[in-house]
Amino acid sequence: MFAVDLARGMWTTLRSMLERPVTYQYPEVKRPVRERFRGRHALKRYENGLEKCIGCALCAAACPADAIFVEASENNDAARYSPGERYASTYEINMLRCIFCGYCEDACPTEAIVLEHNYELSFTQRRQALYTREMLLDSVAAGGQPTPMAVPPGAFNRAIPEMKNPD
Ligand code: SF4
Ligand code: SF4
C-alpha cells in the first residue's frame, strides 16, 4: 500500500514537472486580458480634438459606488472644450471606490467614458487614487487640436452628435 501511494505521489510530481508553467513574469510579461475586460477609464475625444464629455454627470448618477465627481462649466466658441453648452471642468474618479461595473460607460450619452484594458492601478497614498480629468483624457489624435480651441461661431452647438441606427 505504501509503495502504491509513493508511486502515485511521484507520478503527480513528474506530471507537474512536464506541464507548461502558468506563471507570468510580471511586469516584464503582461497577461493578456479579454476583449470585454473593464480596467481603468479613459475620457474620449473626437478626431478634431474636442472632448466627448459634456459634463452632464449622468455617469456620476449611475455610479453605485459614488466614485465619480463632475463639475460642469460653460463652453464658448472662443475657448471650446466640447460640443454643446457645457464641458466637464472637473472630472474625478476615485479608484478606491470604483468596482469596475461599467455602469458609467452605459449611462454616458456621448460615449465619452470608456473602461479600457489598463489594470495597472497602484498607489501608495489615498490621494493618488483620485484620477483627474487631465489623467483620464485621451491624447489628441493626429490632425486634431488640444482643448480649449477657437471654433467658427455656431459650428458645434449640438452636445450629442446625431446617432446612426446600427446596421
Ligand atoms: S465602473 Fe462602476 S463603480 Fe466604477 S466609476 Fe463607473 S459606475 Fe462607478
Ligand atoms: S462622461 Fe458622459 S455621462 Fe459622464 S459627465 Fe461626461 S458626458 Fe456625462
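Up top is the structure.
Residues numbered from 1 in each chain as written. Chains lettered and ligands numbered in written order. Predicted model: local features only at pLDDT ≥ 70, side-chain atom pairs only at ≥ 80, totals over all residues. Heavy atoms only, no water.

### Remarks on the site of ligand 1
Next up, step 1: In the region of ligand 1, 13 residues are neighbours, and Cys63, Cys98, Cys101, Gly102 and Cys104 sit closest.
Next up, step 2: In the shell around ligand 1, the residues fall into 11 nonpolar, 2 polar and no charged. (Near = heavy atom within 4 Å. Nonpolar A, V, L, I, M, F, W, Y, C, P; charged D, E, K, R; others polar.)

### Remarks on the pairing of strand S3 (residues 86-94)
Next up, step 1: Strand direction decides the pairing type here: strand S2 (residues 68-74) and S3, joined by 7 bridges, are antiparallel. Bridged to alanine 72 within S3 is alanine 88.
Next up, step 2: Pairing geometry for S3 and strand S5 (residues 130-132), over 3 bridges, is antiparallel. Bridge pairing in S5 links asparagine 94 to leucine 130. (Pairing = 2+ DSSP bridges. Helix = DSSP H or I, 4+ residues; strand = E, 2+ residues; numbered from the N terminus.)

### Re the nonpolar core
Next up, step 1: Counting 22 residues, the largest nonpolar core has Leu43, Ile68, Val70, Tyr91, Ile93, Ile113 and Leu136 as the members making the most contacts within it.
Next up, step 2: The set of elements that each furnish at least two residues to this core consists of helix H2 (58-62), S2, S3 and strand S4 (113-115).
Next up, step 3: Broken down by element, the residue count for this core peaks at 3 residues, all from S3.
Next up, step 4: Non-local contacts of leucine 136, meaning those with residues more than four positions away in its chain, are made with Arg40, His41, Ala42, Leu43, Tyr91, Ile93, Met95 and Tyr131. (Core = buried A, V, L, I, M, F, W, Y, C linked by side-chain atoms within 4.5 Å. Buried < 20%, exposed > 50% of the residue type's maximum accessible area, 1.4 Å probe, protein only. Contact = heavy atoms within 4.5 Å.)

### Regarding the sheet that holds S3
Next up, step 1: The strand order across the open sheet built from 3 strands is S2-S3-S5, with neighbouring strands paired in antiparallel fashion. Since the sheet does not close on itself, it has two edges, and those belong to S2 and S5, each with one partner. Strand after strand, the sheet turns through a mean of 20° between neighbouring axes, direction not considered. (Axes fitted to C-alpha atoms, helices over the stretch in contact; angles between N-to-C directions.)

### Here we look at unusual backbone geometry
Next up, step 1: Cis geometry marks the peptide bond from tyrosine 26 to proline 27; its omega dihedral reads 5°.
Next up, step 2: The phi dihedral of aspartate 66 is positive, around 55°, even though this residue is not glycine.
Next up, step 3: Within the element layout of this structure, aspartate 66 appears in the loop between H2 and S2.
Next up, step 4: Judged by relative accessible area, aspartate 66 falls into the exposed class, the value being 54%.
Next up, step 5: In this structure, glutamate 111 is a non-glycine residue whose phi angle is positive, near 55°.
Next up, step 6: Mapped onto the elements, glutamate 111 comes out in the loop between helix H3 (103-107) and S4.

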